[in-house]
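Letter by letter, the chains look like this.
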Amino acid sequence: MHLGRLNHVGVATPSITDAIPYWRDVMGATGIGEPFDLPAQGVKVCFVDTPNTQIELIEPLGPESPIAAFLQKNPAGGQHHLCYEVPDIAEAKAWFEEQGARLLGEPRIGAHGTPIFFVHPRDMGGVLTEIMESPRGGH
Ligand SMILES: CC[C@H](C(=O)O)C(=O)SCCNC(=O)CCNC(=O)[C@H](O)C(C)(C)COP(=O)(O)OP(=O)(O)OC[C@H]1O[C@@H](n2cnc3c(N)ncnc32)[C@H](O)[C@@H]1OP(=O)(O)O
Ligand SMILES: [Co+2]
């Protein structure tokens, strides 16, 4: 496994609409994407560009959302996960399984349209970690 590019930092929020003015007016973000729903993943998503990565704002879609419990514990929202790119999702999956890490579900299509999976925070030093097949072929 080679540590790939940090594709995004996931930030959970109770309301993307209410969070955008902070990113635009306080942080000076100029590349704020249109929010879009990912019902299969139980979240609404909005990407905020930074010079070297993205902030992925995520808002729960429904009570079954995988971030509902996180927001109950952190009602104002907060840093949720880190996402790294890999050239080959199957190779990465086999690597983390070999390490005995707990994968959360099977690889599925993420917000950038490529396969992703998550590794449990307890196996990753307390950091919920998303692994994403790079849209750039891993470079
Ligand atoms: C895929 C679309 C998009 C993309 O980029 O393409 C996204 O990124 S969507 C992001 C939202 N989806 C997910 O996060 C899916 C994976 N996450 C999960 O399956 C859950 O969130 C899980 C299992 C990590 C935690 O679920 P839950 O909070 O309901 O369970 P617990 O409260 O029992 O937590 C267990 C344990 O983990 C700690 N925890 C929970 N969330 C986080 C976190 N974000 N970062 C670090 N640690 C976290 C929690 O405190 C518990 O720890 P313990 O020591 O047992 O108290
Ligand atoms: Co993500």
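For clarity, every value in this text was computed on a predicted model and none was experimentally measured.

S.K.: How should I be thinking about the coordination of the cobalt ion (ligand 2) in this particular structure?
M.R.: Four donors placed tetrahedrally about a metal ideally form angles of 109.5 degrees, and six donors placed octahedrally ideally form angles of 90 or 180 degrees. For the cobalt ion (ligand 2), the full set of protein donor atoms is His8 (NE2), Glu56 (OE), His81 (NE2) and Glu130 (OE), and the range of their distances to it is 2.0 to 2.3 Å. Its six donor atoms give the cobalt ion (ligand 2) angles of 78 to 172 degrees at the centre, a pattern that matches the octahedral case. Here the donor residues of the cobalt ion (ligand 2) share one chain and are spaced in sequence as H-x47-E-x24-H-x48-E. Here His81 is found in strand β5 (residues 78–86), whereas its partner Glu130 is found in strand β8 (residues 129–133), with 49 residues between them in sequence.

S.K.: Quick question: what am I supposed to make of the site of ligand 1 here?
M.R.: Neighbouring residues of ligand 1: 25 residues in total, closest Glu56, His80, Ala111, Arg122 and Glu130. Take Lys73: an N or O atom from its side chain is 2.9 Å from an oxygen atom of ligand 1. Taking 1100 Å² as the accessible area of ligand 1 by itself, protein coverage stands at 70%. In this structure, ligand 1 is accommodated by the largest pocket. Of all the elements in the fold, those that place two or more residues in the shell around ligand 1 are β4 (54–60), α2 (68–73), β5, β6 (103–109) and β7 (115–119). Sorting elements by how many residues they give to the shell around ligand 1 places α2 first, with three residues. For the shell around ligand 1, the class distribution of residues is 13 nonpolar, seven polar and five charged.

S.K.: How should the layout of surface pockets be read in this particular structure?
M.R.: Empty pockets left among the atoms are what a rolling probe the size of a water molecule brings to light. One number sums up the size of the largest pocket: a volume of about 660 Å³. In this structure, the largest pocket is lined by 28 residues; those nearest its centre are Pro66, Ile67, His80, Phe118 and Leu128. Taken together, the elements giving at least two residues each to the lining of the largest pocket come down to β3 (43–49), β4, α2, β5, β6 and β7. Looking at the lining of the largest pocket element by element, the count peaks at four residues for β5. Residues that form the lining of the largest pocket fall into these classes: 16 nonpolar, eight polar and four charged.

S.K.: Would you mind showing me how to read the pattern of salt bridges here?
M.R.: Close approach of charged atoms allows side chains of opposite charge to pair. Using the criterion set out here, one finds six salt bridges in the structure. Here Lys93 makes a salt bridge to Glu97, at a shortest N to O gap of 2.9 Å. One end of the pair is Lys93 and the other is Glu97, both in helix α3 (residues 89–98) and four residues apart, which spans about a single turn. The class for Lys93 is buried, based on a relative accessible area of 18%. A relative accessible area of 41% means that Glu97 is categorised as partly exposed. Among the charged side chains, a salt-bridge network with shared partners connects Lys93, Glu97 and Glu106.

How each quantity is defined
- Within any chain, residue numbers begin from 1 and follow the written order of that chain's sequence.
- Working convention: letters from A go to chains and numbers from 1 go to ligands, in the order in which they are written.
- Owing to the predicted nature of the model, reporting of local features is limited to residues with pLDDT of at least 70; listing and counting of side-chain atom pairs is limited to 80 or more, with chain, interface and lining totals taken over all residues.
- Think of the side-chain values as coming from all heavy atoms in the structure, minus any hydrogens and water.
- Donor selection uses N, O and S atoms within 2.8 Å of the metal (3.2 Å for Na, K and Ca). Since no water is included, sites may look incomplete.
- Only four donors with every angle between 85 and 135 degrees are called tetrahedral; only four or six donors with opposite donors over 155 degrees apart and all others between 65 and 115 are called square planar or octahedral, in that order; all others are irregular.
- In this text, helices come from DSSP runs of H or I with a minimum length of four residues, and strands from runs of E with a minimum of two, each type numbered from the N-terminal end.
- In this text, near means that some heavy atom of the residue lies within 4 Å of the molecule or strand in question.
- Polar contact is defined as a pair of N or O atoms within 3.5 Å, subject to the rule that within protein one atom must be able to donate a hydrogen and the other to accept it, and that residues adjacent in sequence are counted only when both atoms are side-chain atoms.
- To be clear on the numbers: accessible area is Shrake-Rupley with a 1.4 Å probe, and residue cover counts the displayed protein chains and nothing else.
- Cavity and pocket criteria rest on a 1 Å grid covering protein atoms alone: a 1.4 Å probe that fits but cannot get out defines a cavity, protein on both sides within 12 Å along at least 5 of 7 lines defines an open pocket, and an atom within 4 Å of a point defines a lining residue.
- Whether a molecule lies in a cavity or pocket depends on its atoms, and more than half of them have to be within 2 Å of the grid points.
- Three classes are used: nonpolar for Ala, Val, Leu, Ile, Met, Phe, Trp, Tyr, Cys and Pro, charged for Asp, Glu, Lys and Arg, and polar for all others, with Gly counted as polar.
- Grid points are joined across faces, edges and corners, and a volume is the space filled by probe spheres set on the points.
- What makes a salt bridge here is a side-chain nitrogen of Lys or Arg within 4 Å of a carboxyl oxygen of Asp or Glu, nothing more.
- The rule is simple: take the accessible area with a 1.4 Å probe, protein chains only, and divide by the maximum for that residue type; under 20% is buried, over 50% is exposed, in between is partly exposed.

Interpretation in functional terms is not warranted from these geometric data alone.
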